[in-house]
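Notes for the structure review
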Amino acid sequence: MNNIDAVQTLSEAKRAPLARIQDRLADWLPKLVLTPTLLVVLVCMYGYILWTGLLSLTNSRLLPVWNFIGTGQYDRLFDNDRWLVALNNLVLFGGLFILVCLALGVFLAILLDQKIRQEGALRTIYLYPMAISFIVTGTAWKWLLNPSLGLEKLVHSWGFDSFSFDWLVDPDRVVFCLVIAAVWQSSGFVMAMFLAGLRGVDQEMVKAAQLDGASMPTIYRRIILPSLKPVFFSAFVILAHIAIKSFDLVAALTGGGPGYSSDLPANFMYTHAFTRAQMGLGAASAMVMLGGVLAILVPYLYSELRGKRNA
Amino acid sequence: MTATINKPARFSGVNSGAKRKVDTQLRRKLGISAYILFVLVPIYWLLNMSFKSNEEILGGLSLWPQNFTLDNYAVIFSDPSWYMGYVNSMTYVSLNVIITLLVALPAAYAFSRYKFTGDKHLFFWLLTNRMAPPAVFLLPFFQLYSSVGLFDTHLAVALAHCLFNVPLAVWILEGFMSGVPREIDETAYIDGYSFHKFFLKIFLPLIRSGIGVTAFFCFMFSWVELLLARTLTSVEAKPIAAIMTRTVGATGIDWGVLAAAGVLTIIPGLLVIWFVRNHVAKGFALGRV
C-alpha cells in the first residue's frame, strides 16, 4: 500500500510540472499563433494612420516633406469649395443610399420570406450585382442615364418627346444618379442580411400573436421588425461604410462632373494627393474621412460591447 | 427553414379568404418581378451594347443588336493593353486569396479553440479595423512601396488588400470553425494524429464550405476594389477596372469595347457566386458575412 501510494505521489509530483508546462503552453500557444497577424495589423493599420495623420500636419506637396505647419491644411480644406461640395454630396448621397437600401432590403426580404417557389434562384439573382465592380455598375448606368443614349432616348423613340431625364448632366441632380446606381448594387446584399434575420425570428411568438387575432401588418410592425433591430444596426454600419469609401462609382459614372458637382471625399482625396500634388491637403481630407467613420463606429462598438456584458 | 416552421404566409390565407390570398400573392409576385427587372436591365443593356458597333450605339436605340458583331470582344482579346488587365487582376486576386487564407486559418483556429484573456475584445477589434477608409492608407502604402521597389507589382496590391481581407476572413472562418465540435479534435489526438495531420486531413475538409465562403468574399473584395489597386500600380500590374476608367478619359468613349470589357469582368464574379451560392446562405445563417 505504502509503496504504491509512494509511487503514485511520485509520479504525480513528476507529472505536475509537466502538466503545468502544458497548461502554460496551452495558454501561450494561441497568443504565439496570433501575434504575427495582430502585429502586422497593428503596425500597418495604426502605423499608417499615424503616418497619414503626420503628413496632414505638413506642407507636403508632390513629395512628403516633414515640415510641420500645424493645422494649416485643415483650415485650407474647410475653405476649399470643392471639399465642401464633396462633403455635402456625401451627406446627401449617404443618407438617401442608406435609407433606400434599408427600406428596399426589408421589403424584399419580407416578400421572399413567404415560402415562394424558386427562392434559391431568386436569392442568387439578387446577389449578382454584388459580384460586379462599381466600375461596371457605373458604366452600365451611365448609358441608361445618359440623355442622348439611354432611357430618355428610348422614351423619345416611343413618341413621348416631352419626356426629359437629364439628371446625369444636371449639377443639382447628379447625386441622385449615384444613389440609383449604388442602391442597385447593394440592396440585394441588404436583402440577404434581412432574410437571414427574418429566419431567426421566434416563430412561437408570431403564432401566439396570430392566435390572439393580430393582423399580419400589426405582427410585422410590432413583433418582427423590432426583433430585427440588430440587423438594421449592422446593415446601417456596413452601408455607411460603403458610402464613405465610395470612389469607383463616381470615377466611372460621372468622373466627378459636371464640373466637380458629384465629387465624393474619396475622389477629392485621390485627386489632390496623386494628380494635383497637394499631398498634405489629401492627407488632411483622409483624416477627416477617418473621423467620419469613427463617429459611426464608436456608438456601434459601444453598444456591441455593452450587449456582451449584459449577456 | 424546415417544413415544421410555419411561415406567417400560411396564416394570412386562413384569416382572409381565398380571393385576398390570390391578391396578395399577385402583388408579391409583382414586387419581386419589378425588382428583378431593376436588377437585370442594366446587365442586359451592357450585354446588348457589347454586341453592337459604335455607330449603332450612337446612331439609334434598339433593344437588341441589329448587326450582331463580336468585334468588341476581338479588340479586347487581341490588344495586350486590354487582356493584360484581366491577367493582372486575376494574378493579384489569386495571390491575395492564398495569402489571406494562409494567415487567417491559424488565427481563426486560435480564436475558436482557445480561451484566453481578452479574446472576445481582440476578435472584435480585429474586425473593426476593416472599417477604416482605404484613403487613409493610400499615401503610406504608396511611399513605402515606392521605397522598397514593390510599386507596380502584383504582390503590392495583394498585400494591400490583405490588410482588409484578413480580419474579414478570420471572422468568417471563426464562425464555421466554432460549428465543429471540439470532441473531434480530442478524438483525433487520442487516435494518435499529430496536429498538422489532424488539421490538414480532418479539420480542413470539415470546414471546406467555410473556406469556400471566405475565399468568395476575399475574391469579391479584391476583384472590385479600385482605389488601392489603381494607386499602387502604373503599367505592369494595372487592373482591368483601372483600364476601363482610363478609356473614359481619352478620345471620346469607345462604348462597345467598354461594354465588352464590363461583361468580361462580370463573368468571374458570376462563376464564383454560382459555385458558392448555397454556402453563402449558410454563412448568412451563421450571422457571419
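Only a predicted model underlies this, so the values are computations on that prediction, with no experimental measurement involved. (Residues numbered from 1 in each chain as written. Chains lettered and ligands numbered in written order. Predicted model: local features only at pLDDT ≥ 70, side-chain atom pairs only at ≥ 80, totals over all residues. Heavy atoms only, no water.)

1. Quick look at the overall build of chain B
Where we set the bar: Going along the chain from the N terminus, every DSSP run of H or I of four or more residues is numbered as a helix, and every run of E of two or more is numbered as a strand. Buried residues are those whose accessible area, probed at 1.4 Å on protein chains only, stays under 20% of the maximum for their type, while exposed residues exceed 50% and partly exposed ones sit between those limits. Throughout, a contact is declared for two residues whenever any of their heavy atoms are within 4.5 Å. All accessibility values rest on the Shrake-Rupley procedure with a 1.4 Å probe; residue burial counts only the protein chains present in the view.
Regarding its fold elements, chain B presents 13 helices and zero strands. Within chain B, buried positions represent 52% of all 289 residues. In chain B, 75% of the contacts between residues at least 6 apart in sequence involve partners at least 24 apart. A total accessible area of about 13100 Å² is found for chain B, and carbon and sulfur atoms account for 68% of it.

2. Some thoughts on the overall build of chain A
When helices and strands are counted, chain A shows 13 helices and zero strands. If you list the helices and strands of chain A from N to C, you get α-α-α-α-α-α-α-α-α-α-α-α-α. Residue burial in chain A is summarised as follows: out of 311 residues, 50% are buried. Taking the contacts inside chain A whose residues are at least 6 apart along the sequence as the reference set, 69% of them involve residues at least 24 apart.

3. Considering the nonpolar core
For clarity, the threshold we go by: The term nonpolar core refers to a set of buried residues drawn from Ala, Val, Leu, Ile, Met, Phe, Trp, Tyr and Cys, joined through side-chain atoms within 4.5 Å.
Grouped together as the largest cluster of nonpolar side chains are 184 residues, with contacts concentrated most on Phe-97 and Trp-143 of chain A together with Trp-82, Phe-137, Phe-141 and Val-170 of chain B. The element contributing the most residues to this core is helix α7 (residues 174-199) of chain A, with 17 residues. Ranked by size, the runner-up nonpolar core spans five residues in total, among them Leu-77, Trp-83, Phe-268 and Leu-281 of chain A.

4. A word on the confidence of the model for chain A
Rules: Per-residue confidence from the predictor is given as pLDDT, running between 0 and 100.
Residue-level pLDDT values for chain A average 80, and 88% of them are 70 or greater. Highest mean pLDDT in chain A belongs to helix α3 (residues 81-112) of chain A (90); lowest belongs to helix α1 (residues 2-55) of chain A (69).

5. Here we look at the packing of α3 of chain A against helix α10 (residues 229-245) of chain A
All names here are of chain A. As a reminder, the rule being used: Inter-axis angles, ranging from 0 to 180 degrees, are taken between N-to-C directions of lines fitted to C-alpha atoms, where helices are fitted over the stretch in contact. Helix crossings get a hand from a simple test, with the near helix turned counterclockwise from the far one by less than a right angle marking a left-handed crossing and a clockwise turn marking a right-handed one.
Closest axis-to-axis distance for the α3/α10 pair is 10 Å, and the angle between their directions is 140°. Regarding α3 and α10, the two cross each other, and that crossing is right-handed. Together, Leu-90, Phe-93, Gly-94, Phe-97, Ile-98, Cys-101, Leu-102 and Val-106 of α3 and Phe-232, Ala-235, Phe-236, Leu-239, Ala-240, Ile-242, Ala-243 and Ile-244 of α10 make up the contact between the two elements.

6. Brief notes about the interface of chain A and chain B
Definition in use: Two parts lose some accessible area (1.4 Å probe) when they are put together, and adding that loss for both gives the buried area. By definition here, a salt bridge exists when the distance from a side-chain nitrogen of Lys or Arg to a carboxyl oxygen of Asp or Glu is within 4 Å.
Opposite the 91 residues of chain A that make contact, chain B presents 95 residues. Taken together, the two surfaces of chain A and chain B that pack against each other cover about 8700 Å², and 79% of this comes from carbon and sulfur. Among the residues of chain A in contact with chain B, Met-45, Tyr-48 and Trp-143 of chain A are the three that bury the most area, contributing 8% of the side total. At the junction of chain A and chain B, the tally comes to zero salt bridges.

7. Comments concerning unusual backbone geometry
Notably, Ala-277 of chain A is not glycine yet its phi reads approximately 55°, a positive angle. Take Ala-277 of chain A: it is sitting in the loop between α12 (265-275) and α13 (279-310).

8. Considering the domain arrangement of chain A
Residue and element names in this part refer to chain A. Here is the rule we go by: These domain limits were set by an automatic method or by a database of domain assignments.
Each assigned domain of chain A is listed here: domain 1 (1-55) and domain 2 (75-310). For the pairing of domain 1 and domain 2, the buried interface totals around 380 Å² over both sides, and the portion due to carbon and sulfur atoms is 90%. Its largest share of buried area at the contact with domain 2, domain 1 owes to Ile-49, Thr-52 and Leu-55, together 88% of the area lost on that side. If you look at where domain 1 meets domain 2, you find zero salt bridges.

9. Concerning the state of the cysteines
This is how the line gets drawn: Count a disulfide wherever a pair of cysteine sulfur atoms falls within 2.5 Å.
This structure, assessed with the given rule, holds zero disulfides over all chains. With no disulfide of its own, Cys-44 of chain A has Cys-162 of chain B as its nearest cysteine by sulfur position, at a separation of 10 Å. According to the relative accessible area criterion, Cys-44 of chain A is buried, its value standing at 17%. A relative accessible area of 8% places Cys-162 of chain B in the buried class.

10. Quick word on the packing of aromatic side chains
All names here are of chain B. As a reminder, the rule being used: By convention, a stacked pair of Phe, Tyr or Trp rings (six-membered ring in the case of Trp) has centres within 6.5 Å and planes under 30 degrees apart, an edge-to-face pair has planes over 60 apart, and any other such pair is tilted.
By the definition in use, this model includes 26 aromatic pairs over all chains. Relative to Tyr-73, the ring of Phe-51 has its centre 5.5 Å away and its plane inclined at 40°; by these criteria the two rings are tilted. Taken as a pair, Phe-51 in the loop between α1 (8-50) and α2 (54-59) and Tyr-73 in helix α3 (residues 71-78) lie far apart in primary sequence, 22 residues in all. Comparing Phe-51 with Tyr-73, the two get one shared label, buried.

11. A few points about the domain arrangement of chain B
All names here are of chain B. Keep this limit in mind: Each polar contact in these results corresponds to two N or O atoms within 3.5 Å; when the atoms are within protein, one needs to be able to donate a hydrogen and the other to accept it, and residues that are neighboring in sequence are counted only if both atoms are side-chain atoms.
As far as domains go, chain B holds domain 1 (2-50) and domain 2 (78-284). On the domain 2 side, the residues contacting the four residues of domain 1 number six residues. Buried area between domain 1 and domain 2, both sides added, is near 410 Å², and the carbon and sulfur share of it is 89%. A per-residue breakdown of the area domain 1 buries against domain 2 is headed by Leu-46, Met-49 and Ser-50, which together make up 78% of the total. If you look at where domain 1 meets domain 2, you find zero salt bridges. Our enumeration of links across domain 1 and domain 2 arrives at zero residue pairs in polar contact (both at pLDDT 80 or more).

12. A closer look at the packing of helix α5 (residues 134-145) of chain A against α7 of chain A
Residue and element names in this part refer to chain A. Put simply, the test is: For classification purposes, an angle smaller than 35 degrees is called roughly parallel, one larger than 145 roughly antiparallel, one from 65 to 115 roughly perpendicular, and anything else oblique. Amino acids outside the nonpolar list (Ala, Val, Leu, Ile, Met, Phe, Trp, Tyr, Cys, Pro) and the charged list (Asp, Glu, Lys, Arg) are all regarded as polar, and Gly is one of them.
It is the contact of α5 with α7, at a shortest axis distance of 10 Å, that shows an interaxial angle of 130°. Between α5 and α7, the interaxial angle falls into the category oblique. Handedness of the α5/α7 crossing: right-handed. Across the interface between the two elements, Phe-134, Thr-137, Trp-141 and Leu-145 from α5 touch Cys-177, Ile-180, Ala-181, Ala-182, Trp-184 and Gln-185 from α7. Classifying every residue of the contact of α5 with α7 by side-chain character gives eight nonpolar, two polar and no charged.

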